[in-house]
Amino acid sequence: MSSPMTVQEFYHPGLDPRIRCFRAGEEVDTFVVVTERMLIYLDSMSTPELMRQVIELTSVDAGARQVVVINTHADWDHVYGNQVFERGDLRGLIVASEATAARLHSEEARAVLASQQAQDTRFEAVKLTPPHLTFPDTLTLDGGDLSLHLFPTPGHRQGHVSVWIPEVRTLLAGDAAEYPWPCIGTYSDLDALRASLERMTALDPAFVLPCHGGTSSPDLMARNLAYLDRLAELVSAGLADAPELSYEAALTWLGTTPDAVPGFYRDFHQGAVKATREWLGEQA
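So, here is what we can say about the structure in this document.

Cut-offs and rules
- Residues numbered from 1 in each chain as written.
- Predicted model: local features only at pLDDT ≥ 70, side-chain atom pairs only at ≥ 80, totals over all residues.
- Heavy atoms only, no water.
- Salt bridge = Lys/Arg side-chain N within 4 Å of Asp/Glu carboxyl O.
- Helix = DSSP H or I, 4+ residues; strand = E, 2+ residues; numbered from the N terminus.
- Buried < 20%, exposed > 50% of the residue type's maximum accessible area, 1.4 Å probe, protein only.
- Polar contact = N/O pair within 3.5 Å; in protein donor to acceptor, adjacent residues only side chain to side chain.
- Contact = heavy atoms within 4.5 Å.
- Pairing = 2+ DSSP bridges.
- Axes fitted to C-alpha atoms, helices over the stretch in contact; angles between N-to-C directions.
- 1 Å grid on protein atoms, 1.4 Å probe; cavity = no way out; pocket = protein on both sides within 12 Å on 5 of 7 lines; lining within 4 Å.
- Points joined across faces, edges and corners; volume = space filled by probe spheres on them.
- Nonpolar A, V, L, I, M, F, W, Y, C, P; charged D, E, K, R; others polar.
- Phe/Tyr/Trp six-rings, centres within 6.5 Å; stacked < 30°, edge-to-face > 60°.
- Lys NZ or Arg CZ within 6 Å of the ring centre and 35° of its normal.

Further remarks concern the pattern of salt bridges. A side chain with one charge can pair with a side chain of the opposite charge if their charged atoms come near. Applying the stated criterion across every chain, the model contains 16 salt bridges. Note that aspartate 142 is salt-bridged to arginine 37, the shortest N-O span being 3.7 Å. Here the residue aspartate 142 occupies a position in strand S8 (residues 139-142), and arginine 37 occupies one in the loop between strand S3 (28-34) and strand S4 (38-42), the gap between them amounting to 105 residues. Note on aspartate 142: relative accessible area 40%, which makes it partly exposed. When salt bridges that share partners are traced, they join Asp75, Arg103, Glu108 and Arg157 into one network.

Locating asparagine 224 in the fold gives a position in helix H6 (residues 220-236). For asparagine 224, a relative accessible area of 0% translates into the label buried. From its side chain, asparagine 224 meets the backbone oxygen of glutamate 178 in a polar contact 2.8 Å long. If we ignore the near neighbours within four places in the chain, the residues touching asparagine 224 are Ala177, Glu178, Pro180, Trp181, Pro182 and Leu197.

Let's shift gears to the sheet that holds strand S11 (residues 170-174). Spatial ordering of the open sheet is given by S8-S9-S10-S11-S12, a layout of 5 strands whose pairing is mixed. Looking at which strands have only one partner, the edges of the open sheet turn out to be S8 and strand S12 (207-210). If you compare each strand with its neighbour and ignore which way they point, the axes differ by 20° on average. Inspection of the sheet shows strand S9 (residues 147-152) paired to strand S10 (residues 161-165) by 4 bridges, in the antiparallel sense. Paired with histidine 149 across the strands is tryptophan 164, a residue of S10.

To continue, consider the pairing of S9. Pairing analysis gives 4 bridges linking S8 to S9, with the strands arranged antiparallel. Looking across to S9, one finds that leucine 139 is bridged to leucine 150. Connecting the antiparallel pair S8 and S9 is a turn made up of 4 residues, with glycine 144 showing a positive phi of about 100°.

If a probe the size of a water molecule is rolled over the atoms, the empty space left behind becomes visible. The calculated volume of the largest pocket comes to roughly 390 Å³. What lines the largest pocket is a set of 24 residues, among which Asp75, Trp76, Asp77, Arg157 and Tyr187 lie closest to the centre. Listed by contribution, the elements that provide at least two residues to the lining of the largest pocket are helix H2 (76-79), helix H3 (98-104) and helix H4 (107-119). The element that contributes the greatest number of residues to the lining of the largest pocket is H2, accounting for 4 residues. Residue composition of the lining of the largest pocket, by class: 12 nonpolar, 3 polar and 9 charged.

This part covers unusual backbone geometry. Residue proline 180 is bonded to the preceding tyrosine 179 through a cis peptide linkage, with omega at 10°. Relative to the helices and strands, proline 180 resides in the loop between S11 and helix H5 (190-202). The phi dihedral of aspartate 43 is positive, around 70°, even though this residue is not glycine. Among the structural elements, aspartate 43 can be located in the loop between S4 and helix H1 (48-57). In this structure, aspartate 204 is a non-glycine residue whose phi angle is positive, near 55°. Position of aspartate 204 relative to the elements: it lies in the loop between H5 and S12.

The geometry of two aromatic rings is summed up by the distance between their centres and the angle between their planes. What the rule picks out here adds up to 11 aromatic pairs. Between tryptophan 76 and phenylalanine 123 the ring centres are 5.6 Å apart and the planes differ by 85°, which places this aromatic pair in the edge-to-face class. Placement of tryptophan 76 in helix H2 and of phenylalanine 123 in the loop between H4 and strand S7 (133-135) is noted, with a sequence separation of 47 residues between them. Just above the ring of phenylalanine 10 sits the side chain of arginine 23; from NZ or CZ to the centre is 3.9 Å. Above the face of the tyrosine 187 ring, arginine 157 is positioned so that its terminal group lies 3.6 Å from the ring centre.

What follows is the structure, encoded as structure tokens:
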């Protein structure tokens, strides 16, 4: 059982004030875009309670604006707060890709939630809530003063989407890019992930806001690609189990240390090494 978390708002110097940033410990970040027409939430955190905290912190922005929730993908830490938008004063339209909607309807998602509910009481009130509106590829939300362009960035998950706000050159990356490196699991597609990182880089953003890692550095995607390239170089040289490819060494490549990043990135690194070995085997 985990301890209750409190959502905190945080700020990036120079970021347009219409984009507000919220963090639940080391678990996940959520972003809220306040436009003339809409109040747009990027993902809904990992529990209804955490999402209610975000809603309370942004209640001053609600007014007569249409409430929209974007699910970047269907991982639990991005969608378990969906249900709070089903009723009440902040009833909103939940949108996601068709692939994300399919996963939220899946037996796999129900099994994951059941397992979590059996282990941790903070998930006991969660009800899987699929999106109200789905789209196959791209979608644009016209907020009046700002436009949000939803576009496919698969790799971490099939059906993952990121959001580009051209008026302020801001990219909401979801989990398609992370600091210090992306989460790559058995469900991930390295070819697709690399292509998504390149596509996001080509936008030339001034700010990059991922849901994990807390950075707004515009070179985040280049750093993620450099990490993947370095993994491929070392694994192909037969150094998959060598000190050069350790978790500590990988952080050194990126100019950081274990105490500066969440501990779960150790597992992410091991997953990335395994996925790279399999990917290189497929390329041979």
